[in-house]
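This is what each chain is made of:
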Amino acid sequence: MALIKITEEQKYLWLEFHAPDSANALSLAAARELRAIATKYKKWIKPVVVISGHPKVFCSGGNLTDYKKLKSKAEGLKVNREIENCLAVFAKWPAVKLAIIEGDVLGGGLEWLSCFDYRWSTNAAVFAFWQRRIGLTPGWGGGARWAAKVGEDCLRKLLIEAEVLPAAAALRHGLIDRILPEWKIREAVSHWGNLLESEIANELNQWSVKTESKVFAKLWLASAHAKILNRWRS
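Rules of the game
Residues numbered from 1 in each chain as written. Predicted model: local features only at pLDDT ≥ 70, side-chain atom pairs only at ≥ 80, totals over all residues. Heavy atoms only, no water. Core = buried A, V, L, I, M, F, W, Y, C linked by side-chain atoms within 4.5 Å. Buried < 20%, exposed > 50% of the residue type's maximum accessible area, 1.4 Å probe, protein only. Helix = DSSP H or I, 4+ residues; strand = E, 2+ residues; numbered from the N terminus. Contact = heavy atoms within 4.5 Å. Pairing = 2+ DSSP bridges. Phe/Tyr/Trp six-rings, centres within 6.5 Å; stacked < 30°, edge-to-face > 60°. Lys NZ or Arg CZ within 6 Å of the ring centre and 35° of its normal.

### A closer look at the nonpolar core
Now for step 1: Among the nonpolar cores identified, the biggest contains 50 residues, and Trp93, Trp112, Leu113 and Phe127 are the most heavily contacted of them.
Now for step 2: No other element matches the 6 residues that helix H1 (residues 28-40) contributes to this core.
Now for step 3: If we skip the residues at most four places from it in the chain, Leu113 touches Phe58, Ala99, Ile101, Val105, Arg119, Phe127, Trp146 and Leu175.
Now for step 4: Core analysis: the second largest hydrophobic core is formed by 13 residues, Val49, Ile51, Val96 and Leu98 among them.

Structure (C-alpha cells):
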C-alpha cells in the first residue's frame, strides 16, 4: 500500500503523506517512495505541494518500530544512509516544493522539512529537534541543509536545547516561512501558484551564483524581457 498519494492537477502536483500506523513516521519505504516520485517527475516544472493525511502530525520522525527490528548497528546505519540518499534526491528535485504543515514535525520530520523550498504552517503545529532526546543527532542530511538556511549557531542551539517550538517560534528561527489559518490554505496556495506561472519564475528556480550568467543570457530578449523593452521603446 502506497504511503504517498499522488494527485496531478492543472497547476500542481499534490503529494499526501499518510502513514497512520506509525504517526506519520518517515520509514525507509516512505523515503523510497519520495525518491521514486522525484525520479518519475524529474521533468515536472509545476509546483509540488506536500500535505499530511494525518490530522495532527506532519511527520513524527524515523520509524522506531522498524528500527527496533534491525539486528545490528551496521544494518541500522545502512538503512539510515539509504534514507539520507532518498531525501537528497528529493531535495535536489528541481520542481518548487511547498510543505503545508497542519500538525507536529518532530526529529527526522524536520530533516525532511529541510528539503522544501517553502514551508507554511498553521498555528496548531509544533516543531522539535528530538534527536538528542533519543541519544542522536541529525543523520539524514538535514543538519547540513538547515545550517545553510538558518546558520550553524542557531541550529546548534536548537539541537542542544531540543525544545518544542510553537509555530511562532519556528517562524522566528527560520524553520518555516509563513503561518496561516487552515481555512486560508487553498486560497494561499492558489495565489502562490499563480506567481510561479511564468517563464522567468521557472528559470529563477534554477538560478544560483554559478549559473547566474547562463540564466541571464537565456532570459535576455526572451518573451518577458522583450515585451518590457518593446513597451519602453514605444
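### So, the environment of Phe127
Now for step 1: Examined against the element boundaries, Phe127 turns out to sit in strand E8 (residues 126-128).
Now for step 2: Residues within four places of Phe127 in sequence aside, it is in contact with Ile101, Val105, Leu110, Leu113, Ser121, Glu163, Val164, Leu165, Pro166, Ala167, Ala170 and Ile176.

### Overview of helix H5 (residues 142-150)
Now for step 1: Within H5 the residues assigned to the buried category are Gly142, Gly143, Arg145, Trp146, Ala147 and Val150.
Now for step 2: Where the residues of H5 are buried, they touch helix H3 (73-92), helix H4 (108-113), strand E7 (118-121), helix H6 (152-161) and helix H7 (167-173).
Now for step 3: Note on H5: the residue one or two positions beyond its end, Gly151, has a positive phi of about 95°.

### What to know about the sheet that holds E8
Now for step 1: Reading across the sheet, the 4 strands line up as E4-E6-E8-E9 and stay open at both edges, with mixed pairing between neighbours. With one partner strand each, in any of the chains shown, strand E4 (57-59) and strand E9 (165-166) form the two edges of the open sheet.
Now for step 2: Relative to E9, E8 runs antiparallel, the two being bridged by 2 bridges. Residue pairing in the sheet places Val126 in a bridge with Pro166 of E9.

### Some remarks on the packing of aromatic side chains
To describe a pair of aromatic rings, you give the distance between the ring centres and the angle between the ring planes.
Now for step 1: If you walk through the whole model with that rule in mind, you get 11 aromatic pairs.
Now for step 2: Taking the centre distance of 5.8 Å and the plane angle of 50° together, the rings of Trp112 and Phe116 count as tilted.
Now for step 3: We classify Trp112 as buried; its relative accessible area is 1%.
Now for step 4: On the accessibility criterion, Phe116 (0% relative accessible area) is buried.
Now for step 5: With a centroid separation of 5.4 Å and 75° between ring planes, the pair formed by Tyr118 and Trp192 is classed as edge-to-face. Residue Tyr118 is found in strand E7, and its partner Trp192 is found in helix H8 (residues 185-196); the two are separated by 74 residues along the sequence.
Now for step 6: Classification of Trp192 by relative accessible area gives buried; the value is 5%.
Now for step 7: In this structure an aromatic cluster arises from ring pairing among Phe17, Phe58, Phe90, Trp93, Trp112 and Phe116.
Now for step 8: Over the aromatic face of Trp44 sits the side chain of Lys46, whose NZ or CZ is 5.8 Å from the ring centroid.
Now for step 9: The cationic tip of Arg178 hangs over the ring face of Trp120; the distance from NZ or CZ to the ring centre is 4.9 Å.

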